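Observations on the model geometry
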Amino acid sequence: MPKCTRNGCGQEYEDVANDQMACQYHPGLPEFHEGLKGWTCCKTRVHSFDDFMEIGGCMLGSHSSAPKHKDDDPFKADLTKYDDVLPTPAPAPSTATPVDTVGAVPEPRVAEPEPIDEDPVGAVIAPGAACKRNGCQGLYESEGVSHAPEKCRFHPGTALFHEGNKGWTCCKPRATDFDEFLRIKGCTLGRHLFVGTKPEKKVQVDKCRRDYYQMGSSVIVSIYAKKIDREASSVEFTPDTIKVHLVHGDGKVYDDKIILSASIVPKDSSFEYLSTKVEIKLAKSSPAAWAVLERDAA
């Protein structure tokens, strides 16, 4: 299946389902200023790079697999020269006899790198789980294959954005374009990280955008959320309510109970998880048009 190249999407899609509501993306460009990260097309700003990657698109449209760069673009960086770049080893501590440094300006103290997290022995990992390390897109296959030494190529540092240049604190390659930054290959080899020992992020309660339209015998409700965990999410019907529980993005949770303005037939109602939303089809108990979706709004 083709993969969408729009900023903020990156989902695989089928042409038959590629309508004007299928893709949630950013029409603007990445913007990094004074420690804040966001997109020029919307107001959301965050501090960490991981949170920036999770900012949901602000525009809906159809998916597109058109390449972002032409082959003859003179400003397109050649990152292949960085394929084998590894970090420079730290110098050995000096054994020279200390000298009198009274009045000398002390050198700035360099913070020690954070220890690299590893999966605990015997960790239960679901097949197809994605590696959590920066710059790696590996998926879990089996213990012997996925936890083999030097199987993962990643960036142990953090994202660095300064004066238009983008890179990682752990190595020297820099790019001016955001997509080129994402293609900078990892500078360290090690084992994949699927679970880790660090505590999971706290659950973030989220409010998703919602809309609806109706046909003669049904009402279609769309709740917009990306990367929905289908196993952990649910939609329940009663004759006059919908209960929605969505786990999406990076552990965000959306809970809602919609008290309907008219009754439905639960057994004939259904829902479907799509790439950017859950689409709920409500079977009306009578063909009369609904003035509003919720009873409170009426």
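Below or above, wherever it landed, is the structure these notes cover. (Residues numbered from 1 in each chain as written. Predicted model: local features only at pLDDT ≥ 70, side-chain atom pairs only at ≥ 80, totals over all residues. Heavy atoms only, no water.)

A short note on the side chain of Ser218
Examined against the element boundaries, Ser218 turns out to sit in strand β13 (residues 218-224). What makes Ser218 buried here is its relative accessible area of 4%. (Helix = DSSP H or I, 4+ residues; strand = E, 2+ residues; numbered from the N terminus. Buried < 20%, exposed > 50% of the residue type's maximum accessible area, 1.4 Å probe, protein only.)

Some remarks on the nonpolar core
The biggest cluster of nonpolar side chains holds 21 residues, and the ones touching the most others in it are Ile223, Ile242, Leu246, Ile280 and Leu282. Contributions of two or more residues to this core are made by β13, β14 (234-238), β15 (241-248), β16 (252-259) and β18 (277-283). (Core = buried A, V, L, I, M, F, W, Y, C linked by side-chain atoms within 4.5 Å.)

Some remarks on the packing of aromatic side chains
One pass over the structure, following the stated rule, counts five aromatic pairs. Taking the centre distance of 6.5 Å and the plane angle of 45° together, the rings of Phe237 and Phe271 count as tilted. Taken together, the positions of Phe237 in strand β14 and Phe271 in strand β17 (residues 270-273) put the pair 34 residues apart, joining distant regions of the chain. Seen from their ring centres, Phe271 and Tyr273 are 5.4 Å apart, and the 70° between their planes marks the pair as edge-to-face. In textbook terms, an aromatic cluster arises when at least three aromatic residues are bridged by ring pairs, as seen for Phe237, Phe271 and Tyr273. Looking at Arg209, its charged tip hangs above the ring of Tyr224, at a distance of 4.2 Å from the centre. (Phe/Tyr/Trp six-rings, centres within 6.5 Å; stacked < 30°, edge-to-face > 60°. Lys NZ or Arg CZ within 6 Å of the ring centre and 35° of its normal.)

Observations concerning the pattern of salt bridges
Summed over all chains, the structure comprises eight salt bridges. A salt bridge links Glu31 to Arg45; its shortest N-O distance comes to 2.6 Å. Here Glu31 is found in strand β2 (residues 30-33), whereas its partner Arg45 is found in strand β4 (residues 45-46), with 14 residues between them in sequence. With relative accessibility at 33%, the residue Glu31 sits in the partly exposed group. Its relative accessible area of 31% is what places Arg45 among the partly exposed residues. The residue Asp256 makes a salt bridge to Arg210 at a minimum N-O spacing of 2.9 Å. Taken together, the positions of Asp256 in strand β16 and Arg210 in strand β12 (residues 210-214) put the pair 46 residues apart, joining distant regions of the chain. The exposure class of Asp256 is buried, given its relative accessible area of 15%. Given the relative accessible area of 27%, Arg210 is considered partly exposed. One salt-bridge network, held together by shared partners, links Arg210, Asp256 and Glu294. (Salt bridge = Lys/Arg side-chain N within 4 Å of Asp/Glu carboxyl O.)

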